[in-house]
Amino acid sequence: MIAFVRALPPGTPARQVTERGLRRLTGLPLDRQVARAKACLPGFAAFLTSSVEPATARGVERAAKRCSGQQR
């Protein structure tokens, strides 16, 4: 999510991505975060396919599980 927000071009309308909306996403499990972001954030799906390597995506998923206590 952070990389996506940082990659938004200057002049992106403030209503497109809000802190409140991102907070709702970050409270979800990782798989649901991604699915919801693809549906709600314009350009998120394209961002994922263009900038995230498979190994990196797996690493992010493992880190998220560790942080949430799902994996020990």
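Residues numbered from 1 in each chain as written. Predicted model: local features only at pLDDT ≥ 70, side-chain atom pairs only at ≥ 80, totals over all residues. Heavy atoms only, no water.

*Asks:* Kindly report on the nonpolar core, identifying the contributing residues and their values.
*Replies:* Phe4, Val17, Leu25, Ala37, Leu41, Phe44 and Phe47 together form the largest nonpolar core, which totals seven residues. With residues near it in sequence (within four places) discarded, Val17 still touches Phe4, Val5, Leu8, Leu22 and Leu41. (Core = buried A, V, L, I, M, F, W, Y, C linked by side-chain atoms within 4.5 Å. Buried < 20%, exposed > 50% of the residue type's maximum accessible area, 1.4 Å probe, protein only. Contact = heavy atoms within 4.5 Å.)

*Asks:* Give me the lowdown on a positive patch on the surface, citing residues and values where you can.
*Replies:* Where like charges cluster on the molecular surface, the positive patch consists of Arg20, Arg24, Arg32 and Arg36. Breaking the positive patch down by element, the ones donating at least two residues are α2 (19–26) and α3 (30–40). (Patch = residues over 30% accessible without salt bridge, like charges linked within 9 Å, V, L, I, M, F, W, Y side chains within 5 Å. Areas by Shrake-Rupley, 256 points an atom, 1.4 Å probe, with all protein chains shown as cover. Salt bridge = Lys/Arg side-chain N within 4 Å of Asp/Glu carboxyl O. Lys, Arg positive; Asp, Glu negative; His and termini not counted. Charge placed at Lys NZ, Arg CZ, Asp CG, Glu CD. Helix = DSSP H or I, 4+ residues; strand = E, 2+ residues; numbered from the N terminus.)

*Asks:* Hey, could you go over the environment of Ala7 for me, with residue numbers and the actual values?
*Replies:* For Ala7, the location among the structural elements is in helix α1 (residues 2–7). A sequence separation of 40 residues divides Ala7 from Phe47, and the C-alpha atoms of the two residues are 8.6 Å apart.

*Asks:* I'd like a rundown of the pattern of salt bridges, residues and numbers included.
*Replies:* Evaluation of the coordinates by the stated rule reveals one salt bridge. With a closest N to O distance of 2.5 Å, Glu19 and Arg23 form a salt bridge. Of this pair, Glu19 and Arg23 both sit in helix α2, four residues apart, which is roughly one turn of the helix. The exposed category is assigned to Glu19, whose relative accessible area is 53%. Judged by relative accessible area, Arg23 falls into the exposed class, the value being 58%.

*Asks:* Which residues make up the packing of aromatic side chains, and what are the values?
*Replies:* Per the stated rule, a full pass over the model turns up three aromatic pairs. Judged by centre distance (6.5 Å) and plane angle (35°), the ring pair of Phe44 and Phe47 falls under tilted. Of the two residues, Phe44 and Phe47 both sit in helix α4 (residues 44–51), three residues apart, roughly one turn of that helix. For Phe44, a relative accessible area of 4% corresponds to the buried category. Exposure remark for Phe47: the relative accessible area of 16% places this residue in the buried category. The structure contains a cluster of three or more aromatic residues connected by ring pairs, namely Phe4, Phe44 and Phe47. (Phe/Tyr/Trp six-rings, centres within 6.5 Å; stacked < 30°, edge-to-face > 60°.)

*Asks:* Lay out the side chain of Gln33 in plain terms, naming residues and giving numbers.
*Replies:* Mapped onto the secondary structure, Gln33 falls in helix α3. Using a relative accessible area of 14% as the deciding quantity, one classes Gln33 as buried. The contact partners of Gln33, leaving out residues within four places of it in the chain, are Met1, Leu25, Thr26 and Leu28.

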